[in-house]
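The residues making up each chain are set out below.
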Amino acid sequence: MNLIFEEAYEEIQQTASLSLPTRKRIWLHLGEVSHEPKLQALSDGIRKRVKLAQACIHKAFPIWAEGTGGDSKLYALLNQIDAYIEGLCSNESLQATIKILYSQLETDAYDPRYEKTSLIGFAAIYMANIALYDELLFQNSEDTDLDNDLDSFTWDTSYLIGLVYSDSTEEETRIERQREYWSWYVTEAQRLQKEAH
């Protein structure tokens, strides 16, 4: 097993979480970083980082469906991201969708009924930004930064979904679900890393 993944599993066992520096190492391990992605030549690394973020969003589908009554906004954005990656949607069109959804989510975020679903929506927007610009936290954070050092509006897809997935009033349940989520995440990253280029 690759040392990066071994260390990630070890961290999860000890802390029931996966720190941002460790996640960044995993993201890097998925392929080369491209600070100026071009639609015609999305790198293998970007594609894999998008797929990893997408898997996180899929894990939260039941929570989204329950909290919104199956609102189609999230699914429409994910379909548009897929279309962008396949070259069937322009950069401008995807950015326009993000802008509209972002303003809706900003309002929802302050309503306790939509707290979880707005986090899932922000996680999907972050995923869209990986497709557009690659992983933003490579450029917008220091190597030693932890999630709590960052503005909550810059949190990445995996962290946001982790918060939603492990949300519980029972501390023991929360820790157990956190450990389950992050173990799943590392396994998913490993699977993607092994995928053919």
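Please refer to the structure higher up on the page.
Read on for an overview of the structure. (Residues numbered from 1 in each chain as written. Predicted model: local features only at pLDDT ≥ 70, side-chain atom pairs only at ≥ 80, totals over all residues. Heavy atoms only, no water.)

Here's the deal with the packing of helix α3 (residues 44–59) against helix α9 (residues 157–165)
How two helices pack is summed up by the angle between their axes together with the distance between the axes.
Here is step 1: Where α3 meets α9, the closest approach of the two axes is 9 Å, and the angle between their N-to-C directions is 15 degrees. As judged from the angle between their axes, α3 and α9 are roughly parallel. Relative to α9, α3 is oriented so that their crossing is left-handed. Residue-level inspection shows Ala-53, Cys-56, Ile-57 and Lys-59 of α3 in contact with α9, the latter providing Thr-157, Ser-158, Ile-161 and Tyr-165.
Here is step 2: In terms of residue class, the contact of α3 with α9 is made up of five nonpolar, two polar and one charged. (Axes fitted to C-alpha atoms, helices over the stretch in contact; angles between N-to-C directions. Helix = DSSP H or I, 4+ residues; strand = E, 2+ residues; numbered from the N terminus. Parallel < 35°, antiparallel > 145°, perpendicular 65-115°, else oblique. Left-handed = near helix turned anticlockwise from the far one by under 90°. Contact = heavy atoms within 4.5 Å. Nonpolar A, V, L, I, M, F, W, Y, C, P; charged D, E, K, R; others polar.)

Comments concerning empty space enclosed by the protein
Here is step 1: This structure, assessed with the given rule, holds one cavity of 30 Å³ or more.
Here is step 2: The space that makes up the largest cavity amounts to roughly 70 Å³.
Here is step 3: Lining the largest cavity, in full, are Trp-27, Arg-49, Leu-52, Ala-53, Tyr-126, Ile-130, Glu-135, Asp-156, Thr-157, Ser-158 and Tyr-185.
Here is step 4: Listing elements by their share of the lining of the largest cavity, those giving two or more residues are α3, α7 (115–133) and α9.
Here is step 5: In terms of residue class, the lining of the largest cavity is built from six nonpolar, two polar and three charged. (1 Å grid on protein atoms, 1.4 Å probe; cavity = no way out; pocket = protein on both sides within 12 Å on 5 of 7 lines; lining within 4 Å. Points joined across faces, edges and corners; volume = space filled by probe spheres on them.)

As for the packing of helix α1 (residues 3–15) against helix α10 (residues 171–194)
Here is step 1: It is at 9 Å that the axes of α1 and α10 come closest, and there the two elements cross at 175 degrees. Considering the angle they form, α1 stands roughly antiparallel to α10. Contacts from Phe-5, Ala-8, Tyr-9, Ile-12, Gln-13 and Thr-15 of α1 reach α10 at Gln-178, Arg-179, Trp-182, Ser-183, Val-186, Thr-187, Ala-189, Gln-190 and Gln-193.
Here is step 2: Of the residues belonging to the contact of α1 with α10, the class tally is seven nonpolar, seven polar and one charged.

Concerning the layout of surface pockets
Here is step 1: Of the pockets and cavities examined, the largest pocket occupies roughly 380 Å³.
Here is step 2: The wall of the largest pocket is formed by 19 residues, among which Phe-122, Ser-152, Phe-153, Thr-154 and Trp-155 lie closest to the centre.
Here is step 3: Secondary-structure elements contributing two or more residues to the lining of the largest pocket are α7, α8 (137–140) and α9.
Here is step 4: Tallying contributions element by element places α7 first for the lining of the largest pocket, with seven residues.
Here is step 5: The volume enclosed by the second largest pocket comes to roughly 260 Å³.

With respect to the pattern of salt bridges
Here is step 1: Scanning the model with the defined rule gives twelve salt bridges in all.
Here is step 2: Glu-7 is paired through a salt bridge with Arg-25; the nearest N and O atoms lie 2.9 Å apart. Remark: Arg-25 occurs in helix α2 (residues 20–29) and Glu-7 occurs in helix α1; sequence separation between them is 18 residues.
Here is step 3: Look at Glu-7 and you get partly exposed, because its relative accessible area is 34%. (Salt bridge = Lys/Arg side-chain N within 4 Å of Asp/Glu carboxyl O. Buried < 20%, exposed > 50% of the residue type's maximum accessible area, 1.4 Å probe, protein only.)

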